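Residue strings, one per chain:
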Amino acid sequence: MTLTLKPQHVEFVYDELDTNAINFQLEGGYLSIQTGVYLEDDERLNEAFIEFNEQGNAQCGGIERVTFFRDKISINFPESAPYLGEYCSVDVWPDGGVTRQMVDFFNNHLFLGELTEYADDFDMTNA
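The structure presented is a predicted model; accordingly, all values stated were derived computationally and were not measured.

A. Here's a closer look at the sheet that holds strand β5 (residues 49–52). Taken together, five strands build an open sheet; the order of strands is β2-β3-β4-β5-β6 and the sheet is antiparallel. The outermost strands of the open sheet, each flanked by one partner alone, are β2 (9–16) and β6 (54–60). Pairs of neighbouring strands in the sheet enclose a mean axial angle of 15°, with direction left out of account. Looking at chain direction, β5 and β6 are connected through four bridges and run antiparallel. Looking at β6, one finds that isoleucine 50 is bridged to glutamine 59. Helix-sheet contacts for helix α1 (residues 100–109) involve β2, β3 (19–26) and β4 (29–36), and the interaxial angle to β2 is about 35°.

Structure (structure tokens):
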């Protein structure tokens, strides 16, 4: 199952309280993906933390792949460990499409670059 989100605003948080986060503001909610800016000895603590609308709808890690399309970001989870026990993918459709700043943030500030893929329709000038 896919969770489809259409944010009204995207907020980038750089090194606030030793945390980087991208916050997708939705009508009546949010999706936040965050990680620490420093590497921890425990690898599990280095994985991104994904929160949907409240702290009770969150999990640490589990992202299998992030695919950038021209108009959406698809965050995929393994079928054996879906996000919140239900979603194998979260599709985020930001107004104006996927920007260079979004790609840079996922790759270099959330440290998900090794999980990143680009769809055929992606404008590689935004990579």
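From this point on, the discussion continues.
B. Expanded view of the sheet that holds strand β8 (residues 73–76). Here five strands make up an open sheet; going across it, the order is β1-β9-β8-β7-β10 and the pairing mixed. Each of the sheet's edge strands pairs with one partner strand only, and the pair in question is β1 (2–5) and β10 (116–118). Across the sheet, the mean angle separating the axes of adjacent strands is 20° when strand polarity is ignored. Strand direction decides the pairing type here: strand β7 (residues 65–68) and β8, joined by four bridges, are antiparallel.

C. Region of interest: the environment of valine 98. Take valine 98: it is sitting in the loop between β9 (89–92) and α1. Given a relative accessible area of 4%, valine 98 falls into the buried group. Note: C-alpha distance between valine 98 and serine 74 (24 residues apart in sequence) is 11 Å.

Conventions used here
- Residues numbered from 1 in each chain as written.
- Predicted model: local features only at pLDDT ≥ 70, side-chain atom pairs only at ≥ 80, totals over all residues.
- Heavy atoms only, no water.
- Pairing = 2+ DSSP bridges.
- Helix = DSSP H or I, 4+ residues; strand = E, 2+ residues; numbered from the N terminus.
- Axes fitted to C-alpha atoms, helices over the stretch in contact; angles between N-to-C directions.
- Contact = heavy atoms within 4.5 Å.
- Buried < 20%, exposed > 50% of the residue type's maximum accessible area, 1.4 Å probe, protein only.

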